Structure formats: C-alpha cells, structure tokens
Amino acid sequence: MAIYFDHKVDESAVGKVTTVQWHSAFPLLAVARYDDIGSAGCVHLHLEEGDRLPGCNLTNDCSANALAWHPCRKVLTAGWANGDITLWNESDQETYQLTKTHSAPVTMLLYNHQGNLMVSGDSIGTMAAWKTDTRGRSHHSPVYTLELEGQSYLTCVFRPVPESDSDTKISELAAKAVSGDPEALDKFDIYRNRKVGIPGSRTRPPNAEGLALFVGTGDGTVFHVDDKGKAEPVRNAEDPVRTFPLSGAREELLVVTNTMVLSRFLVQPTGGLDQLLKVKLGGKSRDRLPAVVGLGGAVLATAAEEPMVRIWDLDADENYILTMDEKLGYNAKDIIVAMDYSLATNSLAAGTSSGTLVIWKNSAQSVSGDSSSQWKQLPAISTGGTTVDALHWGSNRGLLVAVAPAEGTIVYSEQLMRCSFCQGMSAVQTGPTDIMVCLFPSGNTVNVSTNDLQIKGVFCSKDGFVVWNGKQLMVFSLEAGVVSEQSCFATSTEVAALYEQTVFTTEPGKIQVRNVQGTVKNQVVLGEQEGDVVSLQVNCSSLVAGTDKGFLVCYDLGRRELRKLAASENLAQRVNNFSKLESVAIDCSGSKVSALVQRLGRPDPRLYVWDIETDTMQYFDFSTGTGSSEASSREDEHYDSLRSAVSGRVPTAHHWDPRDERLLVVEVELAANVSASVVSFLVSAEAGMSISDVVPKEEVYVDLLGVQLPFLYFVCRAADVSPPGGVANKSQTVRRILGDFVGLDDGDDVQVRAVTDFSYYVALGNMDEAFKAIKLIKNESVWENMARMCVKSRRLDVAKVCLGNMGNARAARALREAEQEPEVEARVAILAIHLGMLEEAEDMLRRCRRFDLLNRLFQATGNWKEAIETAETGDRIHLKATYYNYAKDLEAVGNYQAAIRNYEKSNTHKFEVPRLLHDTPEELEKYAVQSNDKDVQRWWAKFLESSQDLEEALRYYQIAEDWLAMVRVYCYLGDMSKAAKIATDSKDRAACYHLARQHTNNGNTKEAVNFYSMARSYGNAIRLCTETVGMEDQLLNLAILGTKEDMEQAAKFYEQKQSTMDKAIMLYHKAGNISKAMELSFQAERFGALELIADDLDVNANPELLNRCAQFFLENKQYDRAVDLLVTAKRYKEAIELLVNHNITITEELAEKMTIPKEDDTVSKEMRKELLEKVGESCLRQGAYLLASKKFTQAGNRLNAMKALLRSGDTEKVIFFANVSRQREVYILAANYLQTQDWRADPEIMKNIITYYKKGKALDSLAGYYEACAQVEVDDFQNYDKALGALREAHKCLGEAKMASESEKERRVEAILAKTELVSRFLRVREVYSASPDSAIASLQEMLDVPDVNSSVRVGDMYGMMVEHFHTTGNDKQAYQTVEEAIRRIPTNNVLLYIDINTIGSIYGNLGLTIPTIVRAQSSAHTMAVEVVDQEGDDDGEEGFVEEAVDDEVDDGGF
C-alpha cells in the first residue's frame, strides 16, 4: 500500500503560480510565479521534497507562460508573456536569452525526444525552431521561423518514429536474460561490454527521431510542419484542439477538441491525415476546459466537470467510468477539474473542485479493457480545501505536484507503507507520521504519532521499535502494553535495526552500534570492496547486513561485542549479471541467509539461500518452479502441483521463523499485487529447499509482515477487516494460521515443532521419523489437519494412521473400500470427501477423469447443476439416472413441476408422474391432456377404462394410437365391425391377432384366418385351414408366407393325399427338409421335383440320399450331375472313374470340389495324391493345362505340373513356377522350354536359361546353349569377340559337366576347342592386318583350306576381307579371282552379304568384265529388301540383345 507525503513548495515565495513543469529524467521541478502587485515574474527550481534549488533564478517583468526541460540535460527553457525566451543551463550555471523572435506571449515550448530541436510558438502565429547542441545549449538564432497570422499555438507534438528492429531484439534479449536464459545472459553481457546505450533509455542513438511535427491552433486547425519549416493544414475544425500521438504498427494521431469531439487519423508518410474515426465523447464543460489525458496506446481518460472519469478504449471500442468511493473519504458529488497519468507507475491522478486528490492505480499489465475492476482507488488526499488547478506527475516513481490557488504548490511523494514484525509485535505505518502497533495474541493496538518526523523506515524488536526519515531516528519502547518514546537523535542512516537496547545505524562503509539514546558505542568498518550497507535484518541473536556491492556480512549479537559468524559472502560473484541487492534475511540459528537481488536492472525470479556452515549457495527459481537442490526438483504429483502454483512468479518478500531455523516463507506475485501467494519452504542441508505449502494471498492482504509458527502475519488493506481464515482485530495487522497447523491455534511449542518435523521428514521421504515426530500428539483437530495434509501429499498410508487416531471409522472404512479404485487420485478424492475437502476432491476427480464419482459427489452435496453438467459432458451413461435422482430430490422438497420435468428427461415419467399425481386426479388429467407422450396418454386411457369411462378411454386410446386397446374395448362392447375397421386401417398386428382370436371363439373361421394372416400369425391360420373343410386352397399360400415350421405343418397335411404330394414335396423343400422332400420324390416317383431338389444338396445331406440321387442321374445318363453328387457324397474314386469314362468336362469349380482338403482324416495322403493326379491327367487330356498344373502341384508332383505348364505356353508362369519349385528337373525343363522361345530378342529369357541350367546342374546343356550363342554372334552380328567368349564359357561348363559317356564328352570338348582355335586365329588376323597385310592375307588363305571352317568362321567374312585388300592395293585381277572363288564356295551364294556391290562393280569395271548374272540378281533382291525395311521402320530395341545378354554374363563372372 502506498502513502503520499506532502511537501509545500517555497511557502515564502510571492505571487501566483502560472505554470509548473517536471524534468522528464531528474527530480527537478520548475515553478513559474507572477506577482501582480510588483509586476514581476520569476521561475524557481525545487527538489523532490519541495526544497528550493539555489543558483537558479529566472526573472522578468512579466509572467512565464510556458516552460520546457531538455529531455536529457538539466536545461530549462522559459517562454515569457513579452515574447522573450530564456534558458538556464545547470552544467554552466548560466542564464541567457535567445534572439528576440516573438512579439507576443509565448504559448508553446517543446523539445523533441532526442533534444536536438526545440520549437516555440506565440499567440499571434509565429513559430520558431531552435537547434540544440549535445550539451543542451540552443543556438541564439532560429533554424527557421513560420508565420501563421491570427493563429494562437496551443499544442504541439513531434511525429514519432517506430522502434527499430535492433531495439526490439535487444529488448527481447534483456527479457530472456532476466528470466534466466544462460545464452541470453551471455549475449547481453557482450552487448553491455560494447558500451552501447540500452534501448528504451533516455539516451538514444542520433537521428532516432525525426524533426517533423504537428501543431494545433486556437481556431481548430492542425498543421503538419516538415523539417524545413514548411507548414500544411491537414485538419480543420471550429474549436481549439489538443493532439496525442500513437506509435505502434502504424503512426496515428488523436485530436480532441474543447467541445469533446474526438478524431482519429492515420498519418501518411507525407504528413497527410486519413480520418479513421470521429465521435463525440460524453460530458460537456461549462466553466472550465475538459480534462483529457492519454493513458498509453489508444486509451484516453476524460473529465468534463463531472464527479467521474470516463475511460475510452478506442481499439476495443469500449468505455467505462471511474467513480469516487465515499468509504475512502471522498465526496461522491465532487467535480473533477484536472488530471494527469503516470506511465511509470500506472497511476491516474485527478484533482477536484474541493481540493481533494484522487489516485487510481492500474493493477493490470495494460490499461486497455472494458472493466473498471483493474483500477484500485487509494484513500482521499486533501490539499487544504481549494480547487486543484493543475496536476503533473514527476520523473521519479510517485512524484506528483498539485497546484491549488490557496495552498500554492504541493509536491506529493509516494512511498510504500513501512511495516515490521518481531515475535508477536507489529508496527504498521498508517500515515506519514503515524504508526499502529499491534500486540499478539491479545490483538491490542496502540496508535503512535511521530509528530513532524515523516516516516521512511520502521524496525521492530520484541521490546520496542525504531522509526527514521534519513535525518532523525526515534526509539520507542514497549512495556506492559504501553508504548513510550525513549529517545530521538539525528542520523542520516537509510536503514536501521533494533536488538534489545542496541540500535544499529549505517554510514557509508560503516555499521554504527548505538545505545537507545543514540550514543555510538562501537562501529564496524566494512572493506572498501564490500561497499555501503543497504539492508539490515535481525533474527533472535543474529544480524545480517547486505551491501550495495552484493556482500553479505553476518554477526552474532549474543556477546558483548559484535562477532562475525563467517567471512563475507559476495553475491555478485555467485549471481550472473548482478545489479542490485534488494533485501536480506537470516534464520534464528544464524546459519542461513536468504537474499533477493536484481539482475540487469530487473527483479531476479530466484531466491538465494547461503548456508554459512557449509559455505554453499542454493536457489529456487520461481519462474520455472525448480531449484538447485534435488528436493526442489523431485518428481511427484503433489510437488508438481505446488511447483505449478508458483511458476512464473517473482519473489517480493521473505522471512524466517524466529523459533524454527528450517522454515522460510516467501511472498511471490505474478505482477504488481496480482495473483500473490505465500510459499513456505523447509530449508536444510539434507532437504535442500523443499516447498512445504502454497497459500494464496487474499485480496484484503497488502503485505506479508512475517511468520511465527503456527501463524503468518499480514498487513490488511483497511481497519476492522476480518479476512478469510484470519483472526480479526481492530488493526491493520492480521494473522492467519498455516494450513499444516490448523487446530494448533493455542498449541504449545512442542506440538508445533512435532508438526513441522512431520512435514520435514515427509519431504525427505523418511516415514519412520515422521511417525515418531507425531506420536505424542493427542489433539484430534491436529490429526484431522494432518489427514488433510495427506490429501495434498497423496500419502494414504499416513492417512490411515491419522483416521485411526481421529476415531473416524466411517472414513477409514471408505478408504479401505476405495483401494479397489485403479486411480490414486480417485482413492485420495474419497479420503478428501470424508474430510470435508470437497474442492480438492472435485479437482482430483476431474484430473483423473472419474466423472462417475464426480457426478455422485455433486449429487451427494446437492449441487445438481454441476452434477447434470458433469453427466452431460463426461458421464453420459449415468445421465438419465442423474435426472431421475434430481427429480426424486425435487419431489422430496415438494417442487413437483421441476420434478416432472426431470422425470421426463430421465424417461421415467411414464410411471413416475402418474404415481406422483395419483392423489390429484385433476392435475393428472391436465398433465395427460397436455402431454404429447403416447405412453402417458395410454396410461390415462387405462385409468379411465378401469373407471368404466369407456368412451373417454377410447378417445385417449385413439390419441395414443393404441389400436390393440381400442379393438379390445370394441370387442368387449360387441361392436365387431368397428373393431375390424380399426384393425384393417391400422394394420396393427396385435390388434389383428386379438380380433382373430375373437372370431375364432365366435366360430367365424374365414374372418379369423383373414385377421390371423394380417397379424402374420400364419401358424394359427394354417391350423384353422387344416381343421376346416374346404379351405385347402388357402393353405398353400399361407404356408409359403409362414415360417419353416408352418411349411412343414402344411406339408404334413398335404402328404396324407397322393394328389397333393407335389405340394408336400415343394413345402418340405422350401422348409429346408431336403431329405424328406427327396424321400417323398422317390416314393411318388416325382423325378422332375427330384432334379430341382438335387441342386440344393450339400455335404450335410444324408449320404444315402446323395447316393440314390446320383444313381438316379446315372440311370438317366446325366453324368455331370451324377459326378457332382458323388463328389458331394465324398465318393471321389467313383466320381473320377465316371469322369474319365465319360470324358466329362472338368470346370474349375468341379476340380476344387474334387480336391480333398488336407484336414480330411477320412482319406489317406496316398489316396488324396492319387485322386489329384487323376484329376490332373484328365485336365491335361482336356487341354486345361493350367488347371492340370494346379492339381499336379497340389498332389506334390511338380515335374508333371511343369510339363503341363510347358504345354500351356505361358512363359511367365513357367518362369514363376521354376523359381518357386527349386527342383533340378523342373529347372532343366524350364530352360529347355525357354530355348524354344525367342530368347535372342529377350535378354531376361536368356539370363533365366543360364540360371536354370546352372541351378539344375545341367552344365552339358548349358555348354550347348553357349555354343548356340556363339553361333548367333557370328551369323547375326559378326561379333567374333563375343563368340570367342561364349565358346570359352562353353568349354568351361563342359569341362565341369558330368556326362554318362566320357567319349562323347571328349568329342564335344575337342570340337569346341577346334572352333575356339579358328575364331581366335581369325581375330588375330584382323589384329595384325594393319601392321602386316600380306601376312594376314596369307593366313586367311590357309584358313580357307581348313575342313569345315565355315562352321566356326564364315568363309564370306574371310573372302570379303581378301577382296577388299586386293582391290585397295590395286590388284583387281587377284580381287576378281577371289570374288569368283567366293561365289563358288559361299553356301547360300549370297556374296553381297560379305562383299559390297560397289566394290564388285569397280573390280569388274576396271577389268572390262561384266558382273555375273547371279550377283546382279542378288543386288536387285537386296535393294528391294532394304526398301521394305525402310518402310516398316527399324526396331532399334532388338538389335544387340544377344550381345547385351552375353556381356552381362561376362560381367557376372562368365566368358
């Protein structure tokens, strides 16, 4: 809670205040006054407490109308009524005047944000721009002047420039660094070491803001002035304006006139304005101008002589009002006349016509929104009873200046309320000079006044307290409930502490030890590196001092002289990016010190604990909910919930218990006074920092004062408040018992210590010690509270012990029964229910999704709305039961109408509502008449029928469409015709059946049969037909429509007569009694029916009937049907013989029927194989090769299966079957078959041939295949190289082959070797030809003499080579002889295949000879063949297939 101290400003000054102005960066206030009597004006400077600053005295013979401070320097500019502009520079202590530019009163002065430009304007339209240097001194002559005749300048605003990307990135980096991101911390260190200004600070890089601006004039015109001084009107209005800039994703301008007309504009890059909004704001001023202030962004606050403030959120299009609360000392009808807003403190200040200050603080992160609940109003502040003319917030947090004509100028400085607590005594500041002392446990209060000493600090001990203001310190003692002043002495200390009769104060680098009279008894000098003390704290006999450089120094106060407990600890070395020490505290044993610090100028979310004995530093990070010790990071559900409750928060205060050195309580909050909680820790070397409990801080609590088990002590917002869970008293201090100690309000220290030990050992997981700690406790309320602790910690084993000590047998039994529940949360929830912890039970049941138990909980507690919502969303299986139970509950309390609605929702209204209204027939009739439920109407009709009101009963039966009941009533009345009409029209089976029964009883057989048929009760109809003569014709139709039993009943009737035997057979057949139908067919020799019945015979039929039927078809030469029946009868052998003898075509279906399943144990494996082979042979004879292959495969005869496939000619299936069979003979058969295919055109076939011969180990056959390949290479492609490779591979295979005849093997080997030798010789000849042509030709001539050389090397190739040689060398005669010899020797006489026709023509022409006739004929045929080939097109894909396949084989290791 904040308290405002008032400081009068220079009460001795003469004259009326004309204007005031705070510096934006320093606590300097400029106040301008004018003395009408003396006709003198002056400007004085004052400090934050109102003291006048010597050395600055701006004077003139007229008043100062405008003041402006340089944004970064201590430079003040004053504009006077005579047009003068005077500057005062603090650094040079000089005052000087700018060149005379204005001839009228100066009405406007403004610096841009960077401070390098100042503009001034007067009341007749002259505006000047003044350049300013880096020291804040303005040039004597203006940069430019602007004349707008007849205009008066009222307002001015510089155009903002959006924040740069680098600024945004650095801001984001700083935020991450503060949250503990180590990488961000390192980067931010680098950024700081570069000595670059922090983004967002007052000192920004050059050119960060432009020089263009908008000015508003007295006639309502807004001008845009660029950096050259050129002015353009961009908005015209009829009344004066004030402007507010908006900086964000786009540049905008708000314009508000004195008549409360608001316009919103989008600023174009050129300075033009595009209007986005124009609206008339509420309120109208009469005597004063309306007060309008911007709250940041597109939010405004206005007050037009009203007792309220209106907030306008333009982006959200929302508005709301802030009023003055009379409970806080305000007059609700007071008029607000002045306002100002502080963005630094989110505070809105308003001044009223009666001299009252109203301050609202915004607790949200942003002022935008549509609710006034985010604004908290402070108590009223009176200025002395006169109107507040002006309000201005200062640069420092909480500095406010108010200008009142009667009281002059008053500076209000905001200070947080000071408070202290020590062992049952609290001292809370209630005003600038007032303290309220509260004594516990009595709750007695004492109000103490410090006279003129405005309190800036307070510190309590168990025997008294001290207060100070930085100039004086007062000591008060407490004795027998009476507070008395002991002494008051001068000291400049900023922090102080009290222990018994010793007062501790500070000076730079020192701690002074004084007695209560102020006499210095001793002083402790700190090292230069340790700095100055900024925080002192005492606990029992231990003192801790924290310095501005981050050092922690601890002392023992239990001796006559101060004694250090340990060497100083430097937090700055332990904490990265340390900025400032916020506060310190020490435990009662003097062994642990806790500290809060700032990092990078922001509060650190970590709480640090220094263990003096082990010299270790622990911490708990509230931003993440984890700490440095294992205990604070342990994994269990209860601890996870505690961590989540504190995650994302920042610690603000911390206190140690004065009797238990392990207990540390910390106040944390999410934002300023938002979502605050108190977290209790158990701290030790063994447990580390373990969270014990989290207590939400109620809204009425302001600050955590301290802890003294079993209570927490808080400062309350106002007096006489009884907070939830707290002890009420007439003070601003309340205490609240910790959750673990409920029931120990008056408990002794032993019991309190026992509960603390229990919590401590549970945190350590040492249950043995935990039970030992509580065994002496006899208080049932304590046991109950511990059982509640077990709910939070999920310790059901401990809960059983607690329930036993409580004597709560019902809860103990429920806990035992709950052990069958699979979810731990469900079991704990049942325990919580029996302990009255319904909210906790609800939360746990929701988390484990046990909506059935949650539904039961809501029902048991009477929370029917939640029960129904739970059933609808998560427990729909019990939704109707929930409605029913709710209806029963409503019925019990007499709310019949609501009960009826819920009975209807539970679908039990059909019997529950009549039961409910049975005693009130009128209500029941009304309900039945109004109800649209046919069941209810039917019930009402039955009720009327039981009352003998048959006419009304019939009417309601008809409404309910209960045709059976209507027919029943009409039959009772004897009106059979109406009954028949109703039954016929409705076609209701029950009604028709009832009417048929009536006709049967009355002997009306025909009508009875008709209505039985309509009711589909064909059995009764058939029974009547068989019993009545002359109705046999209807019997067949009825039987066909009926069930199988009905058909058999009718068939038995027809069976008795030979003439109706066909009908009997048909009905037996339709009824599925095939055996009986066939038996009758044979007896009556109805062979036509027999053929129809045979189609439905299956394996389930009687084997004897199957045989007889098969015999019948054999006798009638219907062999195919006979075979089918024999197979069905499993007489496979006879079926096969019949199939073979009569050559019956085997279909795939018949073949499958004849395939005996492997699971059939009635047939041996040999028999099954034999039958399958016979079927395969039959298929083979009929040309069904694929089917034959399948049967042979099923019989296990893969060889015959392959032979069948080979006959089918399906190459793909042959290849597939060979691959899956993996049988030598099959591989060989497949390879032999593939050689018959066009393997030269398909390389895949060629590869498969080679593979299959290898897998079949038929290397002699593979050798023959390679010989064939070699011959193809020679004959088709003239590729002797490939042919040689194939021959060598053939020789290799033949050498490895095992043949029956060794002589045959040797013969084939010799033949292959001979071919290989000839091909090799030919290749060598071709190789040596280029080097020795004659030798090569001689070798060819020798080869031509070799017998059967043409089988290895084509003689045509040799002759062609020889002819080409002779012709090329000019020996045409020898060439001619060679051609003639080739014609004689080439077997096909096709010489042109080897020798070019042009070469032959040239040879014969050179010799003067005529080309032989046979050659000319060959030439003509060759030409025609070439033309045909050209017309058909070339098949580029086929040529070379053999070569490619052979190449592949060579690559795979062959050839």
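Per-chain numbering applies: the sequence of each chain, read as written, is numbered from 1 onward. Where local features are concerned, this predicted model is filtered to residues with pLDDT of at least 70; where side-chain atom pairs are given and counted, the filter is 80 or more; whole-chain, interface and lining totals use all residues. To obtain the side-chain values, all non-hydrogen atoms of the structure were used and water was disregarded.

Asker: Go over the overall build of the chain with me, naming the residues and quoting the values.
Answerer: For the chain, the count of helices and strands is 48 helices and 64 strands. The contact criterion used throughout is that any non-hydrogen atoms of two residues lie within 4.5 Å. At a minimum sequence separation of 6, the contacts of the chain that also span at least 24 residues come to 45%. Areas reported as accessible are Shrake-Rupley estimates using a 1.4 Å probe. Residue values count occlusion only from the protein chains shown. When the accessible surface of the chain is summed, it comes to about 68,300 Å², and 47% of that surface belongs to carbon and sulfur atoms. Only DSSP runs of H or I reaching four residues or more are called helices, and only runs of E reaching two or more are called strands; each is numbered from the N terminus.

Asker: Could you give an account of the packing of helix α9 (residues 809–817) against helix α10 (residues 824–834), naming the residues involved and the relevant values?
Answerer: The contact between α9 and α10 brings their axes to 9 Å, and the two run at 170°. One element, α9, and the other, α10, form an angle in the roughly antiparallel class. For the crossing formed where α9 meets α10, the hand is right-handed. Between α9 and α10, the residues in contact are Arg810, Ala811, Ala814 and Leu815 and Arg827, Ile830, Leu831 and His834, respectively. The residue inventory of the contact of α9 with α10, partitioned by class, reads 5 nonpolar, 1 polar and 2 charged. Axis geometry follows a simple rule: fit a line to the C-alpha atoms, using only the stretch in contact for helices, then measure angles between N-to-C directions, giving values from 0 to 180 degrees. Orientation labels follow simple angle bins: below 35 degrees gives roughly parallel, above 145 gives roughly antiparallel, 65 to 115 gives roughly perpendicular, and whatever is left gives oblique. By convention, the crossing between two helices is left-handed when the near helix turns anticlockwise from the far helix through less than a right angle, and right-handed when the turn is clockwise. Following the grouping adopted for this structure description, the nonpolar residues are Ala, Val, Leu, Ile, Met, Phe, Trp, Tyr, Cys and Pro, the charged ones are Asp, Glu, Lys and Arg, and the polar ones are all others, Gly among them.

Asker: Give me the lowdown on the sheet that holds strand β39 (residues 464–468), citing residues and values where you can.
Answerer: Pairing between two strands is assigned when DSSP locates at least 2 bridges connecting them. The antiparallel open sheet is built from 4 strands, whose spatial order is β38-β39-β40-β41. Strands with a single pairing partner mark the edges of an open sheet, and in this sheet they are β38 (457–461) and β41 (482–490). Direction aside, the axes of adjacent strands within the sheet are offset by 15° on average. For β39 and strand β40 (residues 472–479), the ladder comprises 5 bridges, and the chain directions are antiparallel. The residue of β40 that forms the bridge with Phe465 is Phe476.

Asker: Could you give me a rundown of the pattern of salt bridges, with the residues and numbers involved?
Answerer: A side-chain nitrogen of Lys or Arg and a carboxyl oxygen of Asp or Glu constitute a salt bridge if their distance falls within 4 Å. Scanning the model with the defined rule gives 40 salt bridges in all. The partner of Arg563 in a salt bridge is Asp556, and the shortest N-O contact between them spans 3.5 Å. For Arg563, a relative accessible area of 36% gives the class partly exposed. One network of salt bridges, in which partners are shared, links Asp660, Arg662, Arg753 and Asp757. Exposure classes here rest on a 1.4 Å probe applied to the protein chains alone. A residue is buried below 20% of its type maximum, exposed above 50%, and partly exposed in between.

Asker: Break down the sheet that holds strand β35 (residues 425–431) for me, citing the residues and quoting the values.
Answerer: Each strand in a sheet pairs with its neighbour through backbone hydrogen bonds, running either in the same direction (parallel) or in the opposite one (antiparallel). Ordered by their spatial adjacency, 4 strands build an open sheet running β34-β35-β36-β37, and the pairing between neighbours is antiparallel. In this open sheet, the two edge strands, each paired with only one partner strand, are β34 (419–422) and β37 (444–449). Pairs of neighbouring strands in the sheet enclose a mean axial angle of 20°, with direction left out of account. Both β35 and strand β36 (residues 434–439) contribute to a ladder of 6 bridges, which runs antiparallel. When the sheet's bridge partners are listed, Gln429 is paired in β36 with Ile435.

Asker: An account of the side chain of Ser1017 is needed here, citing residue identities and associated values.
Answerer: As for its position among the elements, Ser1017 is in the loop between α23 (1005–1014) and α24 (1018–1027). Ser1017 sits in the buried class, given a relative accessible area of 15%. Contacts of Ser1017, omitting those with residues within four sequence positions, involve Tyr993 and Tyr1012.

Asker: Could you give an account of the packing of aromatic side chains, naming the residues involved and the relevant values?
Answerer: Stacked, tilted and edge-to-face are the three classes applied to pairs of Phe, Tyr and Trp rings, where Trp contributes its six-membered ring and a pair requires centres within 6.5 Å; stacked means planes under 30 degrees apart, edge-to-face means over 60, and tilted covers the rest. Counted under the stated rule, the structure contains 18 aromatic pairs. Where Phe421 meets Tyr713, the ring centres are 4.2 Å apart and the plane angle is 25°; that geometry is what we call stacked. Taken together, the positions of Phe421 in strand β34 and Tyr713 in strand β62 (residues 711–716) put the pair 292 residues apart, joining distant regions of the chain. In this pair, the class of Phe421 matches that of Tyr713, namely buried. Taking the centre distance of 5.1 Å and the plane angle of 65° together, the rings of Phe620 and Phe681 count as edge-to-face. Of this pair, Phe620 sits in strand β55 (residues 616–621) while Phe681 sits in strand β59 (residues 677–684); the two residues are 61 residues apart in sequence, bridging distant segments of the chain. In this pair, the class of Phe620 matches that of Phe681, namely buried. Pairwise contacts between aromatic rings join Phe421, Phe440, Phe711 and Tyr713 into one cluster. Note that Lys74 overlies the ring of Phe26, its terminal NZ or CZ placed 5.0 Å from the centroid. In this scheme, Lys NZ or Arg CZ marks a charge over a ring once it lies within 6 Å of the ring centre and within 35 degrees of the ring normal. Over the face of the ring belonging to Tyr619 we find Arg606, whose NZ or CZ atom lies 4.2 Å from the ring centre.

Asker: Just give me the short version of helix α20 (residues 963–973), but keep the residues and values in it.
Answerer: Residues separated by three or four positions in an α-helix point in the same direction, a consequence of the helix having 3.6 residues per turn. Within the sequence span of α20, burial applies to Ala965, Met966, Val967, Val969, Tyr970 and Cys971. Tucked into the core, α20 has its buried residues touching α18 (934–946), α19 (950–959), α21 (976–986) and α22 (989–1002). Following α20 by one or two positions, Gly974 has its phi on the positive side, about 85°.

Asker: Requested: an account of the environment of Asp1348, with residues and values cited.
Answerer: As for its position among the elements, Asp1348 is in the loop between α43 (1333–1344) and α44 (1355–1368). Separated by 33 residues in sequence, Asp1348 and Lys1315 have C-alpha atoms that sit 9.9 Å apart.

Asker: Account for the pairing of β62, naming residues and giving values.
Answerer: With respect to burial, β62 is a largely interior element, 6 of its 6 residues being buried. Both faces of β62 are covered, namely the face carrying Phe711, Tyr713 and Val715 and the face carrying Leu712, Phe714 and Cys716. As defined by bridge partners, strand β61 (residues 701–708) adjoins β62 across 6 bridges and the pair is classed as antiparallel. By the bridge assignment for β62, Val707 is matched with Leu712. The hairpin formed by β61 and β62 contains 2 residues between the paired strands.

Asker: Run through the pairing of strand β52 (residues 592–599), naming residues and quoting values.
Answerer: With respect to burial, β52 is a largely interior element, 8 of its 8 residues being buried. When strand β51 (residues 578–586) meets β52, the two strands line up antiparallel, connected through 7 bridges. Bridging across to β52, Val584 finds its partner in Ala595. One ladder, built from 4 bridges, connects β52 with strand β54 (residues 606–611); its direction is antiparallel. Within β54, the position partnered with Val593 by the bridge is Trp610. Of the pairings in the sheet, the one linking β52 to strand β53 (residues 602–603) comprises 2 bridges and is antiparallel in character.

Asker: Describe the nonpolar core, naming the residues involved and giving the relevant values.
Answerer: One finds Tyr1265 and Met1358 to be the most contacted residues of the largest nonpolar core, which totals 82 residues. Considering each element in turn, this core owes the most residues, 9 residues, to helix α40 (residues 1259–1277). In contact with Met1358, not counting residues within four places along its chain, are Phe1322, Leu1340, Met1343, Leu1344, Val1349 and Val1353. Residue types Ala, Val, Leu, Ile, Met, Phe, Trp, Tyr and Cys, when buried and joined through side-chain atoms within 4.5 Å, form a set referred to as a nonpolar core. Val707, Val782, Ala799 and Phe858 belong to the second largest nonpolar core, which has 68 residues in total.

Asker: If you had to explain unusual backbone geometry to someone new, which residues and values would you point to?
Answerer: The peptide bond linking Phe440 to Pro441 adopts the cis configuration, its omega dihedral lying at 10°. Inspection of the secondary structure puts Pro441 in the loop between β36 and β37. The peptide bond linking Leu709 to Pro710 adopts the cis configuration, its omega dihedral lying at 10°. As for its position among the elements, Pro710 is in the loop between β61 and β62. Residue Glu305 is not a glycine yet carries a positive backbone phi of 50°. The backbone of Asp615 shows a phi angle near 55°, a positive value even though the residue is not glycine. Within the element layout of this structure, Asp615 appears in the loop between β54 and β55.

Asker: Would you mind going over the confidence of the model for the chain in detail, with residue names and values included?
Answerer: In this model, the chain carries an average pLDDT of 79, and 81% of its residues clear a pLDDT of 70 or more. The predictor attaches a confidence to each residue, called pLDDT, with possible values from 0 through 100. Confidence over residues 719–729 falls short of pLDDT 50; this stretch has 28 contacts with residues more than four positions distant or in other chains. Across residues 1428–1455, confidence stays below pLDDT 50; counting only partners more than four residues off in sequence or on other chains, it has 37 contacts.

Asker: Residues and numbers for a nonpolar patch on the surface, please.
Answerer: A surface patch of nonpolar side chains, about 200 Å² in accessible area, is lined by Leu276, Leu277 and Val279. Position of Leu276 among the secondary structure elements: in strand β21 (residues 273–280). Patch building starts from residues that exceed 30% relative accessible area and form no salt bridge, then joins like charges within 9 Å and nonpolar side chains (Val, Leu, Ile, Met, Phe, Trp, Tyr) within 5 Å.

Asker: Outline the packing of α21 against α22, listing residues and values.
Answerer: Running from N to C, α21 and α22 point in directions that differ by 145°, and their axes come no closer than 9 Å. Crossing hand, α21 versus α22: left-handed. In this structure, α21 contributes Met976, Ala979, Ala980 and Ala983 to the contact, and α22 contributes Ala991, Cys992, Leu995, Gln998, His999 and Asn1002. Here the residues of the contact of α21 with α22 sort into 7 nonpolar, 3 polar and no charged.

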